[in-house]
Amino acid sequence: MSTQRKRLLWRSAFFILFALAPVLDILRFDLDKNHLVFLGQPWVLGIDSQLGAMQLFWNMMLKFFLPLTLFIGVGFMIVWKWGRLYCGWLCPHFLVVETINGLMRRASAKPSLWEKAPLPSRQQDGTNRNISLWWWPVTLFTILFISGVWAVVLLTYLIHPNEVYHNLHTLTLTPNQFTFIGVATLLFAIEFTFARHLFCRFGCAVGLFQSLIWMANKQAMVVAFDRSRATLCSGCDKSCEHACPMRLKPRGFKRNMFTCTQCMQCVSACENVQRDTDNPPLLKMLERHCALDVSDQGLGKKRSCSTHCFEPRNQQKRHCHTPVKP
């Protein structure tokens, strides 16, 4: 199974989990009782003025600080090693970004309204998009539909799903429920249409913190470009750049790919371009000692492994030693 098919399965499964979590009582907040519901059980801190100091302390430790520490700790380790893996492989919002990108590209040859120039309809990586204005109604309907679904799902995280879906089915939404769904749908539609990439880059706190942690680790997984064979790119149509949902340039320095989501679409595009040749792809996901060269590019440092990290893994380490002075 290809990498992109695996991503589609992971993202689709997580989106289903995101939508059904309140229905299955996996996770939601009960506004009526003012507490979380987790795995079907009420999650309360147990703060009561009648409890002793030690009992309050252990309730806070076991119900708040310990779970929060574990969640942040595990998340930190994943991001430290692999970067914004959640964004590229699980995030429901990023699934929407890629879906709308694809539809807009069919409607206008541009994956976003802010793209400066249209992308080619046929690319060397095998991408073939027939451009037609008829895709605009499909695109706008999809944006509105997804926005409405998101609004309803978010409401079920606050109000019992049975009540929300029953009222929606019987058209008996309360004024507050109707207002919430209407306003949320409008805001989501505006964001999905005009600012979905900007939100991922600058508006999402989860994505921003992931990027900061990833940038701090020079050995974290990163897209690497084999500069020793850069001449092979001279006849390419920049398929790797066209494939990037975040509109980044994957052949650049790591610091210029601050918002990379590790979706690997650029790597897949490069693989497809070189598929019918005897050349291996010029883009590859590297980590540990091989990632150091990518992190240090443009900082006046060179490493002896720079041209060897694209070799099979068992041949890489013997070439990667101390930095070479420029």
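Reading the values: the criteria
- Residues numbered from 1 in each chain as written.
- Predicted model: local features only at pLDDT ≥ 70, side-chain atom pairs only at ≥ 80, totals over all residues.
- Heavy atoms only, no water.
- Salt bridge = Lys/Arg side-chain N within 4 Å of Asp/Glu carboxyl O.
- Helix = DSSP H or I, 4+ residues; strand = E, 2+ residues; numbered from the N terminus.
- Phe/Tyr/Trp six-rings, centres within 6.5 Å; stacked < 30°, edge-to-face > 60°.
- Buried < 20%, exposed > 50% of the residue type's maximum accessible area, 1.4 Å probe, protein only.
- Polar contact = N/O pair within 3.5 Å; in protein donor to acceptor, adjacent residues only side chain to side chain.
- Contact = heavy atoms within 4.5 Å.
- Core = buried A, V, L, I, M, F, W, Y, C linked by side-chain atoms within 4.5 Å.
- Expected span 1.5 Å × (residues − 1).
- Axes fitted to C-alpha atoms, helices over the stretch in contact; angles between N-to-C directions.
- Parallel < 35°, antiparallel > 145°, perpendicular 65-115°, else oblique.
- Nonpolar A, V, L, I, M, F, W, Y, C, P; charged D, E, K, R; others polar.
- Pairing = 2+ DSSP bridges.

(A) Region of interest: the pattern of salt bridges. This model, assessed by the stated rule, comprises nine salt bridges. The partner of Glu 98 in a salt bridge is Arg 11, with the nearest N and O atoms 2.5 Å apart. Within this pair, whereas Glu 98 is found in helix H4 (residues 92-108), its partner Arg 11 is found in helix H1 (residues 3-20), the two being separated by 87 residues in sequence. We note a salt bridge from Glu 241 to Arg 251, for which the minimum N-O separation is 2.9 Å. Within this pair, whereas Glu 241 is found in helix H9 (residues 239-243), its partner Arg 251 is found in the loop between H9 and helix H10 (265-273), the two being separated by ten residues in sequence. Residues joined by salt bridges that share partners form a network here, namely Arg 7, Arg 11 and Glu 98.

(B) Structural context of the packing of aromatic side chains. Across all of its chains, the model carries nine aromatic pairs by this definition. A ring pair is formed by Phe 18 and Trp 150, whose centres lie 5.4 Å apart and whose planes are at 50°; its orientation type is tilted. One end of the pair, Phe 18, is in helix H1; the other, Trp 150, is in helix H5 (residues 135-156), and 132 residues separate them in sequence. Given the relative accessible area of 16%, Phe 18 is considered buried. For Trp 150, a relative accessible area of 9% gives the class buried. Judged by centre distance (6.1 Å) and plane angle (15°), the ring pair of Phe 141 and Phe 145 falls under stacked.

(C) How the structure looks around the side chain of Arg 7. Structurally, Arg 7 can be placed in helix H1. Polar side-chain contacts of Arg 7 include one of 2.7 Å to the side chain of Gln 4. Aside from chain neighbours lying at most four places away, what touches Arg 7 is Gly 88, Trp 89, Phe 94, Glu 98, Cys 263 and Gln 265.

(D) Expanded view of the nonpolar core. Ranked by internal contacts, the top residues of the largest apolar core, which has 32 residues, are Phe 94, Val 223 and Leu 283. Within the residue set of this core, elements represented by two or more residues are H4, strand E4 (222-225), H10, strand E5 (283-286) and helix H11 (291-296). Sorting elements by how many residues they give to this core places E4 first, with four residues. Within the second largest apolar cluster, 21 residues are counted, among which are Ile 100, Ala 151, Val 152 and Val 153.

(E) Representation of H5 in the model. With 22 residues, H5 extends 32 Å from end C-alpha to end C-alpha; this agrees with the ideal 32 Å at 1.5 Å per step. Along H5, the positions that sit buried rather than exposed are Thr 139, Thr 142, Ile 143, Ile 146, Ser 147, Gly 148, Trp 150, Ala 151, Val 152, Val 153, Leu 155 and Thr 156. Close packing links the buried residues of H5 with H1, strand E1 (27-30), H4, helix H6 (161-169) and helix H7 (175-203).

(F) Structural detail: unusual backbone geometry. Here Asp 25, not a glycine, exhibits a phi torsion of approximately 60°, which is positive. Structurally, the position occupied by Asp 25 is in the loop between H1 and E1. For Asp 25, a relative accessible area of 22% corresponds to the partly exposed category. Notably, Leu 39 is not glycine yet its phi reads approximately 55°, a positive angle. Topologically, Leu 39 is positioned in the loop between strand E2 (35-38) and strand E3 (41-43).

(G) Main features of the packing of H1 against H5. Between H1 and H5, whose axes approach to 8 Å, the crossing angle comes to 50°. Considering their axes alone, H1 and H5 lie oblique with respect to each other. Together, Phe 15, Phe 18 and Ala 19 of H1 and Val 149, Trp 150, Val 153 and Leu 154 of H5 make up the contact between the two elements. Here the residues of the contact of H1 with H5 are counted per class, giving seven nonpolar, no polar and no charged.

(H) Seen up close, the sheet that holds E1. Strands sit in the order E1-E2-E3 across an open sheet of three strands; the sheet is antiparallel. Because the sheet does not close on itself, it has two edges, and the strands there are E1 and E3. On average, each strand axis in the sheet is tilted by 35° relative to the strand beside it, whichever way the strands run. Where E2 and E3 come together, three bridges link them in antiparallel fashion. Bridged to Leu 36 within E3 is Trp 43.

(I) Representation of the side chain of His 242 in the model. As for its position among the elements, His 242 is in helix H9. Those residues in contact with His 242, other than ones at most four positions away along the chain, are Arg 105, Leu 119, Pro 120, Gln 123, Asp 237 and Arg 247.

(J) Region of the structure containing the environment of Ala 291. Residue placement: Ala 291 occurs in helix H11. Relative accessible area serves as the criterion here: at 0%, Ala 291 is assigned to the buried category. Along the sequence, Ala 291 and Ala 220 sit 71 residues apart, while their C-alpha atoms lie 6.5 Å from each other.

Remember, this is a structural readout, not a statement about activity or role.
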